[in-house]
Amino acid sequence: MTTRRDFIKKTTTGTAAVTLGSMVLPSWANAHILGANDQINCAVIGVRSRAKAHVLAIHQDVNAKILYSCDVDDTIIEEHNAWCQKHIGYVPKVEKDFRKVLEDKDVDAIFIATPEHWHAPMAIMGLQAGKHVYVEKPCSHNPYENDLLVAARNKYGKKVQMGNQQRSAKTSQSAVEDIKKGIIGEVFKGEAYYSNNRTSIGNGKLIDVPQTLDWELWQGPAPREKYRDNIHPYNWHWFRNWGTGEIHNNGTHEIDICRWALGVDLPDTVTSFGGKYTYNDDWEFPDNQQVTYTFPGNKFITWTSHSRGIMKPERPGRGITIYGSKGTIELSRNFYKLYDLGGNPIKIEYERELSATTNTQGIGGLDVDHVANFFNAIRKDTSLNSEIRDASVSTMLCHLGNMAHDAGHTLQVDAKTGKVLNSEKAMQSWKRDYEKGWEPKL
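Residues numbered from 1 in each chain as written. Predicted model: local features only at pLDDT ≥ 70, side-chain atom pairs only at ≥ 80, totals over all residues. Heavy atoms only, no water.

(A) Here's a closer look at the overall build of the protein chain. Within the protein chain, the secondary structure is distributed over 13 helices and 17 strands. Its C-alpha atoms give the protein chain a radius of gyration of 21 Å, within 12% of the compact-globule value 22 Å for 442 residues. Each of the three principal axes of the protein chain carries a C-alpha extent, and together these read 60 × 50 × 40 Å. Looking at the protein chain residue by residue over its 442 residues, the buried ones come to 59%. A separation of at least 24 residues holds for 71% of the contacts in the protein chain among residues at least 6 apart in sequence. For the protein chain, the accessible area works out to roughly 17,800 Å², and carbon and sulfur atoms hold 49% of it. Charged side chains in the protein chain number 53 positive and 53 negative. The centres of these two groups are separated by 2 Å. (Helix = DSSP H or I, 4+ residues; strand = E, 2+ residues; numbered from the N terminus. Rg over C-alpha atoms; globule rule 2.2 N^0.38 Å. Buried < 20%, exposed > 50% of the residue type's maximum accessible area, 1.4 Å probe, protein only. Contact = heavy atoms within 4.5 Å. Areas by Shrake-Rupley, 256 points an atom, 1.4 Å probe, with all protein chains shown as cover. Lys, Arg positive; Asp, Glu negative; His and termini not counted. Charge placed at Lys NZ, Arg CZ, Asp CG, Glu CD.)

Following this line, the structure appears as structure tokens:
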């Protein structure tokens, strides 16, 4: 992807299908053609890793421009500026404090790829400033923020899309439509899994804050802690003050697709097994976890995570299997595979361009599709593929998985609100403590 032309060629949307030996050729269009009527000026906030996928996707739209790159770390900004010059041919304006970006009336939409404790507060501030918001998953650090973000969307009336980009996969959309038509009979189980071989994060040592980093603004709404050498720029994922663990970091994607395929919302019960098994370090979440969600109609979803140890026997690094009374469907960001009850393949569809699945950037054609869907919603008021009310439900399932793990027993859940009915301990995680003056409010 060294040139824009190469990237467009590689990330054109569409699917290729193979059905019982016959080839079905796809129809597709470059994402930058879709709905390109009005200029959309964007700011990308938090630009170290995942934001690279956002930048490339935004750049495919000829009537979208990135006005700002925003990050609290000068070193990251310097690297990103060089990367932008190479990959999109220009360097956006630089701003360290996102609040100044929100003051610019020329900015129409913000893309949030910060640490997770900033996702909902920053999204809400963006809405209050009149911006449309594309926020990376998870959309919240805690359930309270889920509700607040949805209320903010309702109050301020702008578009909010969560970055669970598989909702824009043509193959996944095709599979869900087939499921609705009964292609595998009555669906009853969604199996989501993820594995990686993450190494130890060690035991952090107190050091001086790097001169390039605004540690105060990096912490933002989180209660203040002294700077340690194993937090920034990535391992914050595994600390409760800023991150939400693997079930949010990656499970949001697969759990969301299972929920979509089964046609369910909030669960009746949640049970979590697992723990931290591999290294004696500062990691604060389970590094291996099994969560089971039950729903009305005798449906259930399982989430299996091996953060620090690859799953065997050999399987893809992540994926989804949907079970029905007449067959099964395997899904990933890259394919849809249909099998009968005997395990015999009936139909296979592939995304035209493969997306990365287990690295920290996750760049691929689905980002182009998901951002194009976001832009179309802004321009034409069309439907979002992952509008925030629905996205918040999948995020809530992940919160409940962590809450069940902490409670140590099965949670009974109010399926209308998501609140836990049988554990005061679990409900202590409903809302976090905020640094004074930083609590998000409508």
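(B) Broad picture of the packing of helix α2 (residues 51-59) against helix α3 (residues 74-87). Between α2 and α3, whose axes approach to 12 Å, the crossing angle comes to 30°. Classed by the angle they form, the pair α2 and α3 counts as roughly parallel. Crossing of α2 against α3: the hand is right-handed. Between α2, through Lys52, Val55, Leu56 and His59, and α3, the contact on the second element is made entirely by Glu79, His80, Trp83 and His87. (Axes fitted to C-alpha atoms, helices over the stretch in contact; angles between N-to-C directions. Parallel < 35°, antiparallel > 145°, perpendicular 65-115°, else oblique. Left-handed = near helix turned anticlockwise from the far one by under 90°.)

(C) Examining the side chain of Thr395 more closely. With respect to the secondary-structure elements, Thr395 resides in helix α12 (residues 388-407). Those residues in contact with Thr395, other than ones at most four positions away along the chain, are Pro138, Cys139, Ser140, Asn146, Met162, His248 and Thr252.

(D) Region of interest: the nonpolar core. Phe98, Ile110, Val133, Trp218, Trp242 and Ile388 are the most contacted members of the largest nonpolar core, which totals 44 residues. Those residues in contact with Ile388 that sit more than four places away from it in its chain are Val135, Cys139, Leu149, Val150, Arg153, Val160 and Met162. Core analysis: the second largest hydrophobic core is formed by 39 residues, Cys258, Val291, Tyr293 and Val420 among them. (Core = buried A, V, L, I, M, F, W, Y, C linked by side-chain atoms within 4.5 Å.)

(E) Local environment of the sheet that holds strand β5 (residues 93-95). In space, the six strands of this open sheet follow the order β5-β4-β3-β6-β7-β8, with parallel pairing throughout. Of all strands in the sheet, those bounded by a partner on one side alone are β5 and β8 (160-162). Mean inter-strand twist for the sheet, computed between neighbouring axes without regard to direction, equals 20°. Docked against the sheet, helix α11 (residues 365-380) engages β3 (40-45), β4 (64-70), β6 (109-112), β7 (132-135) and β8, running at close to 165° with respect to β7. (Pairing = 2+ DSSP bridges.)

(F) Spatial organisation of the environment of Asp282. In this structure, Asp282 sits in the loop between β10 (269-275) and β11 (288-295). Owing to a relative accessible area of 21%, Asp282 belongs among the partly exposed residues under this scheme. Aside from chain neighbours lying at most four places away, what touches Asp282 is Ile201, Gly202, Asn203, Gly204, Asn230, Trp238, Phe239 and Lys276. Of the polar contacts made by the side chain of Asp282, one reaches the side chain of Asn230; its length is 3.0 Å. (Polar contact = N/O pair within 3.5 Å; in protein donor to acceptor, adjacent residues only side chain to side chain.)

(G) The arrangement of the state of the cysteines in detail. Tallied over the entire structure, the rule returns zero disulfides. The thiol of Cys84 is not disulfide-bonded; the next cysteine sulfur, from Cys42, is found 13 Å away. The cysteine Cys398 is free of any disulfide, with Cys139 supplying the nearest cysteine sulfur at 9.6 Å. (Disulfide = S-S within 2.5 Å.)

(H) Main features of the layout of surface pockets. For the second largest pocket, the calculated volume is near 370 Å³. Surrounding the second largest pocket, 18 residues form its lining, His141, Asn142, Arg240, Ser429 and Arg432 being those nearest its centre. Looking at the lining of the second largest pocket, the element that brings in the most residues is α12, giving four residues. Partitioned by chemical class, the residues of the lining of the second largest pocket number four nonpolar, nine polar and five charged. (1 Å grid on protein atoms, 1.4 Å probe; cavity = no way out; pocket = protein on both sides within 12 Å on 5 of 7 lines; lining within 4 Å. Points joined across faces, edges and corners; volume = space filled by probe spheres on them. Nonpolar A, V, L, I, M, F, W, Y, C, P; charged D, E, K, R; others polar.)

(I) The packing of aromatic side chains, seen in detail. Tallying each qualifying case throughout the model produces 16 aromatic pairs. Judged by centre distance (6.4 Å) and plane angle (70°), the rings of Tyr234 and Trp238 are edge-to-face. Neither Tyr234 nor Trp238 differs from the other in exposure class; each is buried. Grouped by ring-pair contacts, the aromatic residues Trp215, Trp218, Tyr227, Phe239 and Trp242 constitute a single cluster. (Phe/Tyr/Trp six-rings, centres within 6.5 Å; stacked < 30°, edge-to-face > 60°.)

(J) Summary view of the pattern of salt bridges. Tallied over the full model, the rule gives 28 salt bridges. When the shortest N-O distance is used, the salt bridge between Arg389 and Asp265 registers 3.5 Å. Of the two residues, Arg389 sits in helix α12 while Asp265 sits in the loop between α10 (251-262) and β10, which places them 124 residues apart along the sequence. What makes Asp265 partly exposed here is its relative accessible area of 34%. (Salt bridge = Lys/Arg side-chain N within 4 Å of Asp/Glu carboxyl O.)

(K) Geometry of the pairing of β10. Among the seven residues that make up β10, five are buried, leaving the element largely enclosed by the rest of the structure. Judged from the seven bridges that link them, β10 and β11 form a sheet pairing that is antiparallel. If you follow Thr269 over to β11, its bridge partner there is Thr294. As paired strands, β10 and strand β17 (residues 411-412) are joined by two bridges and run antiparallel to one another. Across the sheet, the residue bridging to Thr269 is Gln412, located in β17.

(L) Main features of the UniProt feature "domain: GFO/IDH/MocA-like oxidoreductase" (unreviewed entry) in the protein chain. UniProt's entry tags residues 229-330 with the feature "domain: GFO/IDH/MocA-like oxidoreductase" (unreviewed entry), counted in the numbering of this structure. Between the C-alpha atoms that bound residues 229-330 there is a distance of 41 Å. The span itself is 16% helix and 33% strand. (UniProt positions renumbered as here; feature names shortened; annotations may be inferred.)

(M) Structural view of helix α6 (residues 143-156). Between its first and last C-alpha, α6 extends 20 Å over 14 residues, near the 20 Å set by a 1.5 Å rise per residue. Those residues of α6 not exposed but buried are Pro143, Glu145, Asn146, Leu148, Leu149, Val150, Ala152 and Arg153. Each element contacted by the buried residues of α6 is listed here: α5 (119-128), β8 and α12. Phi turns positive, to about 75°, at Gly157, one or two residues after α6. (Expected span 1.5 Å × (residues − 1).)

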